[in-house]
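# Structural characterization, general
Letter by letter, the chains look like this.
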Amino acid sequence: MLPTAAAAALMVTTTGATMAESAVPVAAPLTLDLSGAQSETARTEQAADEATVIDLAVRRQDSSMQTAALQGRVEAKDRAARDAKRKAAAKAKARAEAERNGKKWVKAIRTGRHTSDFGPRWGRNHNGIDVAAPVGTPLYAMSKGTVVHAAYSSVAGNKVEIKYWDGTSSTYHHMSRMDVKAGQSVMPGDVVGAVGNTGRSFGAHLHLEIHPGGGDPINPFPWLKKKGILVG
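This one's a predicted model, so the numbers in the text were calculated from it and none came from an experiment. (Residues numbered from 1 in each chain as written. Predicted model: local features only at pLDDT ≥ 70, side-chain atom pairs only at ≥ 80, totals over all residues. Heavy atoms only, no water.)

Helix and strand content of the protein chain: three helices and twelve strands. The buried share of the protein chain, taken over its 232 residues, is 25%. Here the analysis covers contacts within the protein chain between residues at least 6 apart in sequence; of these, 60% occur between residues at least 24 apart. Carbon together with sulfur atoms contributes 58% to the accessible area of the protein chain, which is approximately 15300 Å² in total. (Helix = DSSP H or I, 4+ residues; strand = E, 2+ residues; numbered from the N terminus. Buried < 20%, exposed > 50% of the residue type's maximum accessible area, 1.4 Å probe, protein only. Contact = heavy atoms within 4.5 Å. Areas by Shrake-Rupley, 256 points an atom, 1.4 Å probe, with all protein chains shown as cover.)

If you want it as structure tokens, here you go:
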């Protein structure tokens, strides 16, 4: 009986202990009970943090855009400077080339037949040479210069006078037409008119005179030969 009673007592004790242990309440998870004011403060702080982040992002973007715009302006300025430099160099090259080309000498007429020399003729001096050619044959400026006369006279007919860059003047007489006017600039090879038979003339031809320094006429042949532009 004793063992049985002891066992019973032990079971009761064990059961009681178990039941007692079961009766101990389990601790609930810890929660933070914020008041309404605290919640509002937290939300305000969170919103401020978000606004700060957004503001920083916007500032970075603005800074990047400003940097890109500044870089773009600098690059555009550099391109403009390079373009201006290239254009200036091209203009200088063109001017230098024009200057070189302007000082070349070319023939006043490219085809024709020499018919009369410089010197005494019919009791007076023949101040130029004559080159016969069909009416309308083009006549050219021999170098860079300025037309100082373009008009009709009873003796010379349609007459053009050109003063060249070295001070020499040439005159073209008996032209069928004049393609230039007084004051006009010409370059080597520019058409100034055409062969004709106007004024005191006995057939279509070019009467060509050369006046060094704008002075008295000289025999054109030595002068033309020196320039390498003999005509006729």
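Time to look at the sheet that holds strand β11 (residues 191-194). What the three strands build is an open sheet, ordered β5-β11-β9; its pairing is antiparallel. The sheet is open, and its two edges are formed by β5 (138-140) and β9 (177-178), each paired on a single side. Bridge count for β9 against β11 is two bridges, and the pairing is antiparallel. Each residue of the ladder has a partner; that of R177, found in β11, is A194. (Pairing = 2+ DSSP bridges.)

So, about the packing of aromatic side chains. Under the definition given, this model contains four aromatic pairs. Relative to Y164, the ring of W105 has its centre 5.2 Å away and its plane inclined at 65 degrees; by these criteria the two rings are edge-to-face. Taken together, the residues span a long stretch of sequence, with W105 in the loop between α2 (36-102) and β1 (113-116) and Y164 in strand β7 (residues 157-164) at a distance of 59 residues. Accessibility assignment for this pair places W105 and Y164 in one class, buried. (Phe/Tyr/Trp six-rings, centres within 6.5 Å; stacked < 30°, edge-to-face > 60°.)

As for its placement among the helices and strands, S143 is situated in the loop between β5 and β6 (145-153). A distance of 2.7 Å separates a polar atom in the side chain of S143 from the backbone oxygen of K104. Among the polar contacts made by the side chain of S143, one reaches the side chain of W165 at a distance of 2.8 Å. In this view, S143 contacts G102, K103, K104, W105, Y164, W165, V186, M187 and P188; residues no more than four positions away in its chain are not counted. (Polar contact = N/O pair within 3.5 Å; in protein donor to acceptor, adjacent residues only side chain to side chain.)

As a further point, take the environment of V131. With respect to the helices and strands, the residue V131 is situated in strand β4 (residues 129-132). It is 5.7 Å that separates the C-alpha atoms of V131 and T115, two residues lying 16 residues apart in sequence.

Turning to the pattern of salt bridges, a few remarks are in order. On inspection of all chains with the given rule, the structure shows four salt bridges. Between D83 and R86 there is a salt bridge whose closest N-O contact spans 2.1 Å. Placement of the pair is D83 and R86 together in helix α2, with a separation of three residues, close to one helical turn. A relative accessible area of 32% means that D83 is categorised as partly exposed. (Salt bridge = Lys/Arg side-chain N within 4 Å of Asp/Glu carboxyl O.)

What follows covers the sheet that holds strand β12 (residues 205-211). On the basis of which strands lie adjacent, the open sheet formed by seven strands has the order β1-β4-β12-β8-β7-β6-β10 and antiparallel pairing. For this open sheet the edge positions go to β1 and β10 (185-186), each flanked by a neighbour on one side alone. Sheet topology places β7 next to strand β8 (residues 169-175); five bridges connect them, and they run antiparallel. Paired with I162 across the bridge in β8 is S170. Of the strands in this sheet, β1, β4 and β12 are in contact with helix α3 (residues 220-227), which crosses β12 at around 85 degrees. (Axes fitted to C-alpha atoms, helices over the stretch in contact; angles between N-to-C directions.)

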